[in-house]
Amino acid sequence: TADADAIAVIGMAGIMPQSPDLETFWRPIENGDDLVGEIPPDRWDWKAFHGDPQKEIKKTWAKWGGFMADVRRFDARFFGISRREAELMDPQQRLFLETVWKSIEDAGYRSSDLAGTKTALFVGVAASDYNMLLREQLDDFDAYAPTGNAHSVLANRISYLLDLRGPSEPVDTACSSSLVAIHRAVR
C-alpha cells in the first residue's frame with residue numbers, strides 16, 4: 001500500500017548554465033566539469049566594471065558566472081503574451097513558463113489535464129535585477145513592466161494560464177528559496 005505521506009516526482013525540467021535541459025546538465029556534472037565561465041560579452045562588458053569595489057564606485061571583482069544560452073529566446077505567442085510584454089518580462093518569468101510546460105510534458109500530461117484541478121504551484125524565486133535594469137533603461141513607465149517583474153505574477157501567471165485552482169505562491173528566502181518552496185509544497 002502507498003504511504004499517505006509519500007511524495008512522488010513525476011515530471012521534471014530545468015535550464016541550467018550551458019545546459020538547455022537536465023540531460024545536458026547531468027553529463028558535465030557526472031564528469032566533474034565546471035559550468036562556470038567568463039561573462040559573455042553579449043551580457044555585459046565585465047572589463048568596464050572590473051576593479052576594487054572598496055576603492056571605486058560601481059566596480060566589482062566579478063568576471064565569472066554560470067550563464068544560460070539563448071536567454072532572450074522566448075515563444076511569447078505560444079503563451080499568449082504580446083511581444084512588448086515579453087520584452088519587458090524578467091527572464092525568470094520567461095524561463096519559468098517554459099520549464100513548467102516542459103515539466104508537465106515530462107510527466108506525461110497535457111496542460112488541459114490540469115485545468116480546473118486543485119493543483120498547487122510553489123516556486124522559489126529571488127532577485128529583482130532585471131527590474132532594476134529596466135528602471136535605468138525605460139524613459140517612461142510601461143504598464144507591462146510591473147507584471148513582468150513581480151514575483152507574485154511569476155507564480156500566478158502559470159496558475160492563470162493553466163487554470164490551476166490550488167495555492168499559487170512565490171517563495172523568496174534568498175539562496176534557500178527552492179528548498180523552502182518544496183518544503184511548503186510538501187506541507
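Our subject is the structure that appears above.
Residues numbered from 1 in each chain as written. Predicted model: local features only at pLDDT ≥ 70, side-chain atom pairs only at ≥ 80, totals over all residues. Heavy atoms only, no water.

**Here we look at the pattern of salt bridges**
As a reminder, the rule being used: When a carboxyl oxygen of Asp or Glu lies within 4 Å of a side-chain nitrogen of Lys or Arg, that pair is called a salt bridge. Strands are runs of DSSP state E lasting at least 2 residues, helices are runs of H or I lasting at least 4, and numbering of each runs from the N terminus. Three exposure classes are used, based on accessible area relative to the maximum for each residue type with a 1.4 Å probe and protein chains only: buried under 20%, partly exposed in between, and exposed over 50%.
Here the structure, examined in full by the defined rule, presents seven salt bridges. Here D42 ties to R72 by a salt bridge, and the two come within 3.6 Å at their closest N and O atoms. Residue D42 is located in the loop between strand 1 (37–38) and helix 2 (46–49), and its partner R72 is located in the loop between strand 2 (64–65) and helix 3 (83–88); the two are separated by 30 residues in the primary sequence. We classify R72 as exposed; its relative accessible area is 56%. Across the salt bridge formed by E87 and R84, the nearest N and O atoms sit 3.5 Å from each other. Here E87 and its partner R84 are both found in helix 3, three residues apart, which amounts to about one turn of the helix. For R84, a relative accessible area of 36% gives the class partly exposed. Here the salt bridges share partners, and the residues they tie into one network are R83, R84 and E87.

**Things to note about the packing of aromatic side chains**
Stated precisely, the cut-off is as follows: Side-chain rings of Phe, Tyr and Trp, where Trp is taken by its six-membered ring, are said to pair if the distance between their centres is within 6.5 Å; with planes under 30 degrees apart they count as stacked, over 60 as edge-to-face, and otherwise as tilted. Only when the NZ of Lys or the CZ of Arg is both within 6 Å of the ring centre and within 35 degrees of the ring normal is a charge said to sit over the ring.
Applying the stated criterion to the full structure yields six aromatic pairs. Residues F78 and F79 carry aromatic rings whose centres are separated by 4.9 Å and whose planes lie at 85° to one another, so their mutual orientation is edge-to-face. Look at F78 and you get partly exposed, because its relative accessible area is 46%. Clustering of aromatic rings is evident, with ring pairs tying together F74, F78, F79 and W101. The side chain of R94 reaches across the aromatic face of Y130, ending 6.0 Å from its centre.

**What to know about the environment of R165**
Spelled out, the test is: In protein, a polar contact means a hydrogen-donor-capable atom and an acceptor-capable atom, both N or O and within 3.5 Å, with residues adjacent in sequence counting only if both atoms are side-chain atoms; elsewhere, any N or O pair within 3.5 Å suffices.
Within the fold, R165 resides in the loop between helix 8 (151–162) and strand 4 (168–171). Judged by relative accessible area, which is 54%, R165 ranks as exposed. Along the backbone, R165 and A115 are 50 residues apart, and their C-alpha atoms lie at a distance of 8.1 Å. Separated by 2.8 Å, the side chains of R165 and D163 make a polar contact.

**Quick notes on unusual backbone geometry**
Its identity is not glycine, yet D70 carries a phi of approximately 55°, on the positive side. If you trace the backbone, D70 turns up in the loop between strand 2 and helix 3. Here the phi dihedral of A174 falls at roughly 60°; this positive angle occurs in a residue that is not glycine. Its place among the elements puts A174 in the loop between strand 4 and helix 9 (177–186).

**Structural notes on helix 4 (residues 91–106)**
Put simply, the test is: An expected span of 1.5 Å times one less than the residue number is assigned to each helix. Only heavy atoms matter for contacts: two residues are in contact if any of them lie within 4.5 Å across the pair.
Its 16 residues give helix 4 an end-to-end C-alpha distance of 22 Å, which sits within 8% of 22 Å, the value for a rise of 1.5 Å per residue. Buried within helix 4 are the following residues: P91, Q93, R94, L95, F96, L97, E98, T99, V100 and I104. Those residues of helix 4 hidden inside the fold are in contact with helix 3, helix 5 (111–114), strand 3 (121–124), helix 6 (129–137), helix 7 (144–149) and helix 8. Among the residues of helix 4, the N-terminal cap falls to D90, whose side-chain oxygen and the backbone nitrogen of Q92 are separated by 2.8 Å.

**Quick word on the side chain of N149**
Within the secondary structure, N149 is located in helix 7. Of the residues examined, N149 reaches a relative accessible area of 7% and is grouped as buried. Of the polar contacts made by the side chain of N149, one reaches the backbone oxygen of L88; its length is 3.0 Å. In this view, N149 contacts L88, D90, Q93, Y130, N131 and L134; residues no more than four positions away in its chain are not counted.

Worth remembering: the numbers are spatial, not functional.
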